[in-house]
Amino acid sequence: MALRVYIEEDKAPLFRALKASDGEAGVFQTHGDILTFAAVLGFKRQRRKKLGKRSTKNPDPVLQDQFRDPHIINLIAVLATGDPKILATNEECDKQRITIFEEYANGGLEILQDELKGVVNYLDKLLLILSQERDSPSSLEEEEFDLTSFL
């Protein structure tokens, strides 16, 4: 069963602005890339926020199978819970992993909403955010996520 990843309705305008579309420039090529970037940013900055009203159209929910690297959902779930049992292949664990990912993505989109307010060129600002994140001390002992592969 392919689960869907939702975004909060109030984040939809930013979400649409970040995605490249026919004839329009955008920072990210796919909805999965936006969600992955936002979730990793939310996780890195420890901003996890429950979803309010979910967007069901424009953007549609993203199928888990459509992510460039769907393993990031599992990785974030294990790191967030500290419990590898969350990787079990049953409906309850599947839904928990998606919920954790959605909440970190929602937190990351909230960070982006704040930091991109009034910005004309999103790409330049996102590159600055990446640079700052790379240079900031980390709470993780292992190598950091490399967010630049999603641009």
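Residue positions are counted from 1 within each chain, in the order its sequence is given. Predicted model: local features are reported for residues with pLDDT of at least 70 only, side-chain atom pairs are reported and counted for 80 or more only, and whole-chain, interface and lining totals are derived from all residues. Neither water nor hydrogens contribute to the side-chain values; these are computed over all heavy atoms in the structure.

Colleague: Please provide a residue-by-residue account of the overall build of the chain, values included.
Modeller: In terms of helices and strands, the chain carries 5 helices and 2 strands. Here a helix means four or more residues in a row that DSSP labels H or I, a strand means two or more in a row labelled E, and each is numbered from the N terminus. Overall, the chain shows an N-to-C arrangement of helices and strands of β-α-α-β-α-α-α. Residue burial in the chain is summarised as follows: out of 151 residues, 40% are buried. The contact criterion used throughout is that any non-hydrogen atoms of two residues lie within 4.5 Å. For the chain, contacts bridging at least 24 residues in sequence account for 76% of all contacts bridging at least 6. To sort residues, take the accessible area from a 1.4 Å probe on protein chains only and compare it with the maximum for the residue type: under 20% means buried, over 50% means exposed, and anything in between is partly exposed.

Colleague: I'd love a proper account of helix H4 (residues 91-116), names of residues and values included.
Modeller: Residue count minus one, scaled by 1.5 Å, sets the expected span of a helix. Between the first and last C-alpha of H4 there are 36 Å, a value that for 26 residues agrees with the 38 Å anticipated at 1.5 Å per step. Think of a polar contact as two N or O atoms within 3.5 Å of one another; within protein, one of them needs to be a possible hydrogen donor and the other a possible acceptor, and neighboring residues in sequence only count if both atoms come from side chains. Residue asparagine 90 occupies the N-cap position of H4, its side-chain oxygen lying 3.2 Å from the main-chain nitrogen of glutamate 92.

Colleague: Account for the packing of aromatic side chains, naming residues and giving values.
Modeller: Where two aromatic rings form a pair, the distance of their centres and the angle of their planes describe that pair. Side-chain rings of Phe, Tyr and Trp, where Trp is taken by its six-membered ring, are said to pair if the distance between their centres is within 6.5 Å; with planes under 30 degrees apart they count as stacked, over 60 as edge-to-face, and otherwise as tilted. Evaluated as defined, the whole model comprises 3 aromatic pairs. Ring plane angle 50° and centroid distance 5.3 Å describe the contact between phenylalanine 28 and phenylalanine 37, whose orientation is recorded as tilted. The exposure class assigned to phenylalanine 37 is buried, which follows from its relative accessible area of 0%. A ring pair is formed by phenylalanine 67 and phenylalanine 101, whose centres lie 5.5 Å apart and whose planes are at 90°; its orientation type is edge-to-face. With a gap of 34 residues between them, phenylalanine 67 in the loop between strand E2 (62-63) and helix H3 (71-81) and phenylalanine 101 in helix H4 connect regions that are remote in the sequence. With relative accessibility at 0%, the residue phenylalanine 101 sits in the buried group. The side chain of arginine 54 reaches across the aromatic face of tyrosine 6, ending 4.6 Å from its centre. A ring has a charge above it when a Lys NZ or an Arg CZ is no more than 6 Å from the ring centre and no more than 35 degrees off the ring normal.

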